[in-house]
Amino acid sequence: MKHFDDTESLITVRDWLRFAVSRFNEAKLFFGHGSDNAFDEAAYLILHTLHLPLDRLEPFLDASLTHGESEQVQAALERRVGERLPAAYITNEAWLGEHRFYVDERVIVPRSFIAELLHEQLAPWVEDPDAVGSALDLCTGSGCLAILAALAFPDSRIDAVDLSGDALAVAAKNVADYGLADRIELIESDLFAALNGRTYDVIVSNPPYVNAEAVAALPPEYRAEPALALGSGEDGLDATRQILAQAKTHLNPGGLLLVEIGHNRDALEAAYPALPFTWLDTEGGDQFVFMLRREDL
């Protein structure tokens, strides 16, 4: 690959960081899976590859790499440029706040706004987190939201549902890593299809919600993710419609439904003008996650 055959003069972390930023910008990579710019992504990949603290770049900038370390860093950078993979698939990890999760190409890279809300135990909508006895993570993927729900609601049992058996295999690894196998049940199901008779105090879902036009325009980094986890019909709302049609049957009295819908707020409100959606504030804004109570449905 151009430039990657001429790296003998790169000695220090600083050298490799400069080189990586140049190559990333030259290749016009897309950043949307944890980093939003070439510098941060390059720093992350280099620090991870060298087994250095991810928040401590400065002390190591002028440290020299061994030949073996240089080869490992180059391999990671070359994959990022040549394969246009999200960095998370190269490092096999993704972070939601302080929580780390194993990921690979079988699952979408975790990036849900609902994670932020679970960190806050869904306050003020859930007054007593200890009173939440059951929760459902619909379209669980890597299992990250199910795990965060289990941590947020310590007395709850969690069902984590996905249509993909491959995704559930990744989720099982994460559930085991967090020691939560006794509280989280993994279920292969097309949304609610295999959940007859099960009800919950809280249902969270980050379903597929990319509309057909946007799917067609996705950059290679997003196309590396499972297509099943991205597109959802012409307007991106096919999965959300099914959730709204069936959620009431699976919610306990007073139960909460939280669904992430990306940039589809206007389309959703136009399709359901009678539903009293509550749009929850997140760092990204108040248009990405809606909440409904059972009685609203």
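Rules behind the numbers
- Residues numbered from 1 in each chain as written.
- Predicted model: local features only at pLDDT ≥ 70, side-chain atom pairs only at ≥ 80, totals over all residues.
- Heavy atoms only, no water.
- Phe/Tyr/Trp six-rings, centres within 6.5 Å; stacked < 30°, edge-to-face > 60°.
- Helix = DSSP H or I, 4+ residues; strand = E, 2+ residues; numbered from the N terminus.
- Buried < 20%, exposed > 50% of the residue type's maximum accessible area, 1.4 Å probe, protein only.
- Pairing = 2+ DSSP bridges.
- Right-handed = clockwise from strand over helix to strand, strands pointing away.
- Axes fitted to C-alpha atoms, helices over the stretch in contact; angles between N-to-C directions.
- Parallel < 35°, antiparallel > 145°, perpendicular 65-115°, else oblique.
- Left-handed = near helix turned anticlockwise from the far one by under 90°.
- Contact = heavy atoms within 4.5 Å.
- Nonpolar A, V, L, I, M, F, W, Y, C, P; charged D, E, K, R; others polar.
- Arc of directions from axis to C-beta.
- Expected span 1.5 Å × (residues − 1).

S.K.: Break down the packing of aromatic side chains for me, with residues and values.
M.R.: Taken as a whole and assessed by the stated rule, the structure comprises 9 aromatic pairs. Ring geometry for Phe4 and Phe19: centres 5.4 Å apart, planes at 85°, overall edge-to-face. Residue Phe4 is located in the segment before α1 (13–27), and its partner Phe19 is located in helix α1; the two are separated by 15 residues in the primary sequence. For the pair formed by Phe4 and Phe19, the shared burial category is buried. Measuring from ring centre to ring centre gives 6.4 Å for Phe24 and Phe31, while their planes differ by 45°; the resulting arrangement is tilted.

S.K.: Any details on the pairing of strand β9 (residues 289–293)? Residues and values, ideally.
M.R.: Side-chain positions along a regular strand alternate between the two faces of the sheet. Of all 5 residues that make up β9, 4 are buried, and the element is covered over most of its length. Bridge analysis of strand β7 (residues 251–260) against β9 gives 5 bridges, and the strand direction is antiparallel. Paired with Leu257 across the bridge in β9 is Leu292. Two elements, strand β8 (residues 278–279) and β9, share 2 bridges in a ladder whose sense is antiparallel. What sits directly across from Trp279, in β9, is Phe290.

S.K.: Requested: an account of the pairing of strand β3 (residues 134–138), with residues and values cited.
M.R.: With 5 of 5 residues buried, β3 lies mostly within the body of the structure. The alternating pattern of β3 places Ser134, Leu136 and Leu138 and Ala135 and Asp137 on opposite faces, both of which are buried. The handedness of the β3 to strand β4 (residues 157–162) crossover, carried by helix α6 (residues 144–152), is right-handed. Relative to strand β6 (residues 200–205), β3 is paired through 4 bridges, and the arrangement is parallel.

S.K.: Tell me about the packing of α1 against helix α3 (residues 67–82), residues and numbers included.
M.R.: At a minimum axis separation of 10 Å, α1 and α3 run at an interaxial angle of 15°. Classified by the interaxial angle, the pair formed by α1 and α3 is roughly parallel. Crossing handedness for the pair α1 and α3: right-handed. Listed contacts from α3 to Trp16, Phe19, Ala20, Arg23, Phe24 and Ala27 of α1 are Ser70, Val73, Gln74, Leu77, Arg80 and Val81. For the contact of α1 with α3, the per-class residue count stands at 8 nonpolar, 2 polar and 2 charged.

S.K.: Any details on helix α10 (residues 238–246)? Residues and values, ideally.
M.R.: Regarding α10, the residues found buried are Ala239, Thr240, Ile243 and Leu244. Burial along α10 is one-sided: seen end-on, the buried residues are contained in an arc of 135°.

S.K.: Which residues make up α3, and what values do they have?
M.R.: Across its 16 residues, α3 extends 22 Å between first and last C-alpha, which sits within 8% of the 22 Å expected from 1.5 Å per residue. Within the span of α3, buried status applies to Ser70, Val73, Gln74, Ala76, Leu77, Arg80 and Val81. In a view along the axis of α3, the buried residues occupy a sector of 160°, so they form one face of it. Across from the buried face of α3, at angles greater than 90 degrees, the exposed residues are His67 and Glu71. Buried residues in α3 make contact with α1, α2 (38–49), α4 (87–91) and α9 (220–223). Downstream of α3 by a residue or two, Arg84 has a phi angle that is positive, lying close to 55°.

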